[in-house]
Amino acid sequence: MPIQHSIIHRIDKASSDQPAALHAASSELPGSDRMEDLLAAFHDAYHGKTKAWGHFRTRDDGETQVGFVQALENYLEGHSDFVTFSRDVAGRLLPLVDAHLSLSGHLLFVDYQQGDTRYLSLALLHHREGFGIAPSLEPVPAPQLNLARMSLASRLNLTQWRDGAASRHYLSWVHDRGGRKLAEEMAELMGATEGIDATGETRTLLKAFSDYVEQEDLPEEESREKTEALIDYANDQARRGEPITLEELSELLDEQQPKAFYEHIRNADYGLSPEIPPDKRTLRQFRRFTGRAGGVSISFDSHLLGSSIEYDETQDRLIIKQVPKQLREQLKQRQS
């Protein structure tokens, strides 16, 4: 990931009732392997976070909002340099730190290239106490970055945004459950609005896949293989910070009929976007239970167990509370 520009400012906050103070760097950081390693570590931590996905809001007249976006445009068009841009944004972030955080930290800005795509990432990095070994072979205090605690961070796909792509999710920001208000104010500061519900879209995609497997009446082994292929692909995209592409996924699920799953989605009108930012938490919860024996074939998603489906281990009995409509109608016709 070639880094074009990077800088780190310090934000000091002695306590929750003390105002935050910005100690801005006067120059960019030189390129180094350590900075590349830090960026890679940031990616790993960031992609594992729950995030909101969206885009910059626009005015009624089509003009992009001022503020953060204006400062960003000035930098990209050469009207200001990276140091000036980062210091401007750092100053705008101070009220958010004052209102929601009680820790000091270092504010990281990185403008970098990943393949053919250019990104801008920013994050407030906190520290934790750790230990190191001194030349005397004695343990010594060694503060370490605590990337897992990162609660204020954002990543912008500059290429998609600048190319005027019709994407609704070229911008993302951390949206942890405990930091809902911070996430909302971060979006307001950036002039951003959510363009896609990653959790909802991922859940709908998994529902579409379950319907597809049942509709095709696939053998148990083939159903399991396709499930593993979907989860492996989605998790890999999540680790890379890239969206699930429906056409690409469809080709991966069936090389003989590469359009089959994609056409199933379109024909059933699930309302899915062509590209979906994967939600790792939803993916972790997904698994299909399947079984076939003695003329009985059963298949259902694991998240239904304990709600609409119960398993009584003592009597080895499966209880279905909500019978599928199509099956219910067949059973009624049989009894009449």
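Above this text is the structure in question.
Residues numbered from 1 in each chain as written. Predicted model: local features only at pLDDT ≥ 70, side-chain atom pairs only at ≥ 80, totals over all residues. Heavy atoms only, no water.

A. Structural view of the overall build of the protein chain. From N to C terminus, the protein chain includes eleven helices and 18 strands. Each of the 336 residues in the protein chain was classed as buried or not, and the buried ones make up 40%. For the protein chain, long-range pairs separated by at least 24 residues make up 64% of all intrachain contacts whose partners lie at least 6 apart in sequence. Accessible surface for the protein chain amounts to roughly 18,700 Å². Of this, 46% is attributable to carbon and sulfur atoms. Computed over 38 positive and 54 negative side-chain charges, the separation of the two mean positions in the protein chain equals 5 Å. (Helix = DSSP H or I, 4+ residues; strand = E, 2+ residues; numbered from the N terminus. Buried < 20%, exposed > 50% of the residue type's maximum accessible area, 1.4 Å probe, protein only. Contact = heavy atoms within 4.5 Å. Areas by Shrake-Rupley, 256 points an atom, 1.4 Å probe, with all protein chains shown as cover. Lys, Arg positive; Asp, Glu negative; His and termini not counted. Charge placed at Lys NZ, Arg CZ, Asp CG, Glu CD.)

B. Inspection of the pairing of strand 10 (residues 153-157) at higher detail. With five of its five residues buried, strand 10 lies for the most part within the structure. Both faces of strand 10 are covered, namely the face carrying Ala153, Arg155 and Asn157 and the face carrying Ser154 and Leu156.

C. Layout of the sheet that holds strand 12 (residues 192-196). What the eight strands build is an open sheet, ordered 2-1-4-5-10-11-3-12; its pairing is antiparallel. For this open sheet the edge positions go to strand 2 (21-23) and strand 12, each flanked by a neighbour on one side alone. Between one strand axis and the next, the sheet turns through 25° on average, direction left out of account. Both strand 3 (residues 51-56) and strand 12 contribute to a ladder of four bridges, which runs antiparallel. Residue pairing for strand 12: Gly54 is matched across the bridge by Glu194. (Pairing = 2+ DSSP bridges. Axes fitted to C-alpha atoms, helices over the stretch in contact; angles between N-to-C directions.)

D. Local environment of the side chain of His264. Note on placement: His264 falls in helix 9 (residues 260-268). Residue contacts for His264: discarding those within four places in its chain leaves Ala208, Asp211, Tyr212, Gln215 and Tyr270.

E. Broad picture of unusual backbone geometry. With phi around 55°, Asp269 is a residue other than glycine that occupies positive phi space. Residue placement: Asp269 occurs in the loop between helix 9 and strand 14 (275-276). Owing to a relative accessible area of 63%, Asp269 belongs among the exposed residues under this scheme. Even without being glycine, Asp316 reaches a positive phi, approximately 50°. Along the chain, Asp316 falls in the loop between strand 17 (309-312) and strand 18 (317-320).

F. Region of the structure containing the nonpolar core. Of all hydrophobic cores here, the largest spans 41 residues; its most connected members are Phe56 and Leu72. The element best represented in this core is helix 3 (residues 82-100), accounting for nine residues. (Core = buried A, V, L, I, M, F, W, Y, C linked by side-chain atoms within 4.5 Å.)

G. View of the environment of Gly241. By the secondary structure assignment, Gly241 is in the loop between helix 7 (220-240) and strand 13 (244-245). Separated by 37 residues in the primary sequence, Gly241 and Pro278 have C-alpha atoms spaced 8.6 Å apart. Every residue in contact with Gly241, bar those within four places of it in the chain, is listed here: His47, Trp53 and Arg155.

H. A look at the packing of helix 3 against helix 5 (residues 180-190). Running from amino to carboxyl end, helix 3 crosses helix 5 at an angle of 165°, the nearest separation of the two axes being 11 Å. On the basis of the axis angle, helix 3 is roughly antiparallel to helix 5. Handedness of the crossing formed by helix 3 with helix 5: right-handed. In this structure, helix 3 contributes Arg92, Leu93, Leu96 and His100 to the contact, and helix 5 contributes Lys181, Leu182, Glu185, Met186 and Leu189. In terms of residue class, the contact of helix 3 with helix 5 is made up of five nonpolar, one polar and three charged. (Parallel < 35°, antiparallel > 145°, perpendicular 65-115°, else oblique. Left-handed = near helix turned anticlockwise from the far one by under 90°. Nonpolar A, V, L, I, M, F, W, Y, C, P; charged D, E, K, R; others polar.)

I. Main features of the packing of aromatic side chains. Enumeration over the complete set of coordinates arrives at twelve aromatic pairs. Aromatic rings pair up to connect Phe56, Phe68, Tyr75, Phe82, Phe85, Phe109, Trp161 and Tyr170 into one cluster. Lying across the ring of Tyr46, Lys51 places its NZ or CZ 5.2 Å from the centre. The side chain of Lys259 reaches across the aromatic face of Tyr262, ending 5.8 Å from its centre. (Phe/Tyr/Trp six-rings, centres within 6.5 Å; stacked < 30°, edge-to-face > 60°. Lys NZ or Arg CZ within 6 Å of the ring centre and 35° of its normal.)

J. Seen up close, the environment of Arg281. Looking at the secondary structure, you find Arg281 in helix 10 (residues 280-285). Arg281 sits in the partly exposed class, given a relative accessible area of 32%. Taking the C-alpha atoms as reference points, Arg281 and Pro139, 142 residues apart in sequence, are found 38 Å from one another.

K. The pattern of salt bridges, seen in detail. Counted by the stated rule, this structure contains twelve salt bridges. The salt bridge involving Asp236 is made with Arg240; its shortest N-O contact spans 3.9 Å. Linking Asp236 with Arg240, this pair stays in helix 7, spanning four residues, or about one helical turn. You can call Arg240 partly exposed: its relative accessible area is 42%. Across the salt bridge formed by Arg317 and Asp312, the nearest N and O atoms sit 3.7 Å from each other. Here the salt bridges share partners, and the residues they tie into one network are Asp236, Arg239 and Arg240. (Salt bridge = Lys/Arg side-chain N within 4 Å of Asp/Glu carboxyl O.)

L. Broad picture of helix 5. Taken together, the buried positions of helix 5 are occupied by Leu182, Ala183, Met186, Ala187, Leu189 and Met190. Projected down its long axis, helix 5 carries its buried residues within an arc of 160°, all on one side. Once helix 5 finishes, Gly191 follows within two positions and takes phi at roughly 70°, a positive value. (Arc of directions from axis to C-beta.)

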